[in-house]
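Listed below are the residues making up each chain.
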Amino acid sequence: MKTKLTKIIMSSLAFACALVCLVATMTLGTSTTARAAADGQVCSVGMLRGLYLSSWDGYANVGGNLVPKAVMEGKRFNGNGTFSNDFGTVNIGGTTIINTTGGVGTYTVAADCTGTASVPNGPSFNLYVGPGAKQIWFTQTAGGLGVGTMTRLP
């Protein structure tokens, strides 16, 4: 009888512990989710303002051949869907061939923090804006192949 009672008590305690752990996990998970929603960034075109250092590499299509490229630019986002290059250099196949200073383009940012950027008669990109718009990740979708990041400068 004592053994049976001990088994019932131990089973009940194990069940109670498991239930408490489950409730605690759900509560903490819900709290974190709720906090993230409350503290989540509001993603829009207006969140991109100021100078970002853009660095990326990939391949350019030169005469039907893919040739390595490296790009470094200072992009100034205006918070209204437009940007300009304060400075920039493109190196294709080991030769610096383009100074992108003064280049302009447009961009979008959706509520889920994804967006696009494009340069007239030039490349287009898909992008993701990170927390606080401090960093942007992007991949080239037209005009060549490339991936990179942009980091907001102080």
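A.B. asks: Please clarify how the overall build of the chain should be interpreted in this entry.
C.D. replies: From N to C terminus, the chain includes 1 helix and 9 strands. In the chain, the succession of helices and strands from N to C terminus is α-β-β-β-β-β-β-β-β-β. The proportion of buried residues among the 154 residues of the chain is 26%. Excluding contacts between residues fewer than 6 apart, the proportion of contacts in the chain whose partners are at least 24 apart in sequence is 40%. By element, 65% of the accessible surface of the chain is carried by carbon and sulfur atoms, the whole surface being about 9,500 Å².

A.B. asks: I would appreciate a short explanation of the nonpolar core in the present structure.
C.D. replies: What tends to happen in soluble globular proteins is that the nonpolar side chains get buried as a cluster. In this structure, Leu48 and Phe77 are the most contacted members of the largest nonpolar core, which totals 22 residues. Elements supplying a minimum of two residues to this core: strand S1 (49-62), strand S2 (65-78), strand S3 (82-92), strand S5 (104-109), strand S7 (124-129) and strand S8 (135-142). Phe77 has contacts with Leu48, Arg49, Gly50, Tyr52, Thr82, Phe83, Tyr107, Ile136 and Met150, leaving out every residue within four places of it along the chain.

A.B. asks: Even after reading the chapter, I still don't get the environment of Phe125, so can you show me in this structure?
C.D. replies: Among the structural elements, Phe125 can be located in strand S7. Taking C-alpha positions, Phe125 is 9.0 Å from Val147, a pair spaced 22 residues apart along the chain. Residue contacts for Phe125: discarding those within four places in its chain leaves Trp56, Gly115, Thr116, Ala117, Phe138, Thr139, Gln140 and Thr141.

Each value, and the rule that gives it
Residues numbered from 1 in each chain as written. Predicted model: local features only at pLDDT ≥ 70, side-chain atom pairs only at ≥ 80, totals over all residues. Heavy atoms only, no water. Helix = DSSP H or I, 4+ residues; strand = E, 2+ residues; numbered from the N terminus. Buried < 20%, exposed > 50% of the residue type's maximum accessible area, 1.4 Å probe, protein only. Contact = heavy atoms within 4.5 Å. Areas by Shrake-Rupley, 256 points an atom, 1.4 Å probe, with all protein chains shown as cover. Core = buried A, V, L, I, M, F, W, Y, C linked by side-chain atoms within 4.5 Å.

So far we have only geometry, and geometry alone does not tell us how the molecule works.
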